Amino acid sequence: MSRNWRARLHLMMMTALGILVLYTQEWRGLVYNNLGAIELMKGIPDISRLEPELVGDRLLYLRRAENYFQEAYIQWNYAASRKNLAKIYRLRGDTFSAIENWDQAITNYQKALEIDTTSVVLYKKLGEIYTYRKPHEPQYLDQAIHYLETAVTSSPRSSYIRLVLGHALFFRKRMPEAIDQLEISVALEPNGYNWTVLGRIYLAERRWTSAINCFQKALALEPKRIDTWLALGEAYAGENDIDQALLAWQAVINLAPDSNLAQEARLKIAGLTGD
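If you're wondering where the values come from, they're calculated on a predicted model, not measured in any experiment.

**Considerations on the overall build of the chain**
When its secondary structure is counted, the chain shows 13 helices and 0 strands. Going from the N terminus to the C terminus, the chain shows its helices and strands as α-α-α-α-α-α-α-α-α-α-α-α-α. For the chain, buried positions account for 39% of its 275 residues. A separation of at least 24 residues holds for 49% of the contacts in the chain among residues at least 6 apart in sequence. As presented, the chain carries roughly 15500 Å² of accessible surface, and 53% of it is formed by carbon and sulfur atoms.

**As for the packing of aromatic side chains**
Two aromatic rings are characterised by how far apart their centres lie and by the angle between their planes. Enumeration according to the criterion identifies 4 aromatic pairs in this entry. Seen in terms of ring centroids, Tyr130 and Tyr147 are 6.0 Å apart; in terms of plane orientation they differ by 15 degrees. Their pairing is stacked. Taken together, the positions of Tyr130 in helix H5 (residues 120-133) and Tyr147 in helix H6 (residues 138-154) put the pair 17 residues apart, joining distant regions of the chain. Note on accessibility: Tyr130 and Tyr147 belong to one class, buried. Here Phe170 and Phe171 contribute two aromatic rings whose centre-to-centre distance is 5.7 Å and whose plane-to-plane angle is 55 degrees, an arrangement assigned as tilted. For Phe171, a relative accessible area of 24% gives the class partly exposed. Linked through ring pairs, Tyr123, Tyr130, Tyr140 and Tyr147 together constitute an aromatic cluster.

**Remarks on the side chain of Arg92**
Take Arg92: it is sitting in helix H3 (residues 79-98). At 3.1 Å, the side chain of Arg92 and the side chain of Asn108 are in polar contact.

**Structural notes on the confidence of the model for the chain**
With 70% of its residues at a pLDDT of 70 or more, the chain shows a mean pLDDT of 82. Per-residue pLDDT stays below 50 along residues 14-36; that stretch engages in 21 contacts with residues further than four places along the chain or on separate chains.

**Description of the packing of helix H11 (residues 226-238) against helix H13 (residues 260-273)**
Between H11 and H13, the least distance of the axes is 10 Å, while the angle of their chain directions is 15 degrees. Taken together, the axis directions place H11 and H13 in an arrangement best described as roughly parallel. Read as a crossing pair, H11 and H13 show a hand that is left-handed. Residues Ile226, Asp227, Leu230 and Glu234 of H11 form the contact with H13, whose participating residues are Leu261, Glu264, Ala265 and Lys268. Its residues placed into classes, the contact of H11 with H13 shows 4 nonpolar, no polar and 4 charged.

**Looking at the nonpolar core**
Grouped together as the largest cluster of nonpolar side chains are 59 residues, with contacts concentrated most on Leu126, Leu148, Leu198, Phe215 and Leu232. If one sorts the elements of this core by residue count, helix H7 (residues 159-171) sits on top with 7 residues. Apart from residues no more than four positions distant in its own chain, Leu198 is found in contact with Ile179, Leu182, Glu183, Val186 and Cys214.

**Regarding H7**
End to end, H7 covers 19 Å across 13 residues, agreeing with the expected 18 Å (1.5 Å per residue, within 8%). Of all 13 residues in H7, 11 are buried; the element is thus mostly enclosed. When H7 is considered as a whole, its buried residues turn out to be Ser159, Ile161, Arg162, Leu163, Val164, Leu165, Gly166, His167, Ala168, Leu169 and Phe170. The inward-facing, buried residues of H7 abut H5, H6, helix H8 (175-188) and helix H9 (192-204). Positive backbone phi, at 65 degrees, marks Lys173, one or two positions downstream of H7.

**A short note on the pattern of salt bridges**
Scanning all chains against the criterion turns up 9 salt bridges. The partner of Asp103 in a salt bridge is Lys134, and the shortest N-O contact between them spans 2.7 Å. Here Asp103, found in helix H4 (residues 102-115), pairs with Lys134, found in the loop between H5 and H6; they are 31 residues apart in sequence, far enough to count as distant. Taking the shortest distance from any N to any O, the salt bridge between Lys124 and Glu128 comes out at 3.8 Å. Of the two residues, Lys124 and Glu128 are both situated in helix H5; the distance of 4 residues between them amounts to about one turn of the helix.

Calculation criteria
Residues numbered from 1 in each chain as written. Predicted model: local features only at pLDDT ≥ 70, side-chain atom pairs only at ≥ 80, totals over all residues. Heavy atoms only, no water. Helix = DSSP H or I, 4+ residues; strand = E, 2+ residues; numbered from the N terminus. Buried < 20%, exposed > 50% of the residue type's maximum accessible area, 1.4 Å probe, protein only. Contact = heavy atoms within 4.5 Å. Areas by Shrake-Rupley, 256 points an atom, 1.4 Å probe, with all protein chains shown as cover. Phe/Tyr/Trp six-rings, centres within 6.5 Å; stacked < 30°, edge-to-face > 60°. Polar contact = N/O pair within 3.5 Å; in protein donor to acceptor, adjacent residues only side chain to side chain. pLDDT = per-residue confidence, 0-100. Axes fitted to C-alpha atoms, helices over the stretch in contact; angles between N-to-C directions. Parallel < 35°, antiparallel > 145°, perpendicular 65-115°, else oblique. Left-handed = near helix turned anticlockwise from the far one by under 90°. Nonpolar A, V, L, I, M, F, W, Y, C, P; charged D, E, K, R; others polar. Core = buried A, V, L, I, M, F, W, Y, C linked by side-chain atoms within 4.5 Å. Expected span 1.5 Å × (residues − 1). Salt bridge = Lys/Arg side-chain N within 4 Å of Asp/Glu carboxyl O.

Now the structure itself:
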């Protein structure tokens, strides 16, 4: 056999070997991806109905799925496996949130965000945790504001994201910005809760008339909101309109006489009347 033919044969053998390795890797990647999908399905029960004793099982399934998808990505460079990893991290974050393990929830949401960098849901979830579940310290609130501002940029008509951002800015004592976000939130979705939240910010700022206006708009939409009636009484008391304050607090007692807010209303009435 001539040297030229030997070179050709060698090239053909190397090419065939390369194709075999490629298809073997692709096959292994597909197998790992499918195994990951099976474990992932086991780990997706309804989080709202997840019993505490099942949390460990769910995390185990998600860990197995993570390992399979990582191997599939290594073997196959399969983009869908990478996307599934983001889904796993998000689901693990949801699971840790359900059991109030906020640090682990943050870690997993951040891992998901490293893969799925445009997910408004992940930015929102991280913003919520840093706003409501971590101490109101500057480093946590600044993180919350960063995540929520990014979410708002992608979803500017989300009333809820602006509401949470308004809270984060309020806790950070950036009052004008907080009011701006909450005013946009209530304009996008003018319900009793949003009006009440905005009213409470005005109440904290001792802007009694603005607070009263917000609470009245909330009660026009939802007249049985006892938390709003209680806050309305505080705003009237701040304006030194004692009669209206007493009426508002009495409304709390009339609507829910056995509630904690009714007990609070009785104390406020006693504080004003001396009874």
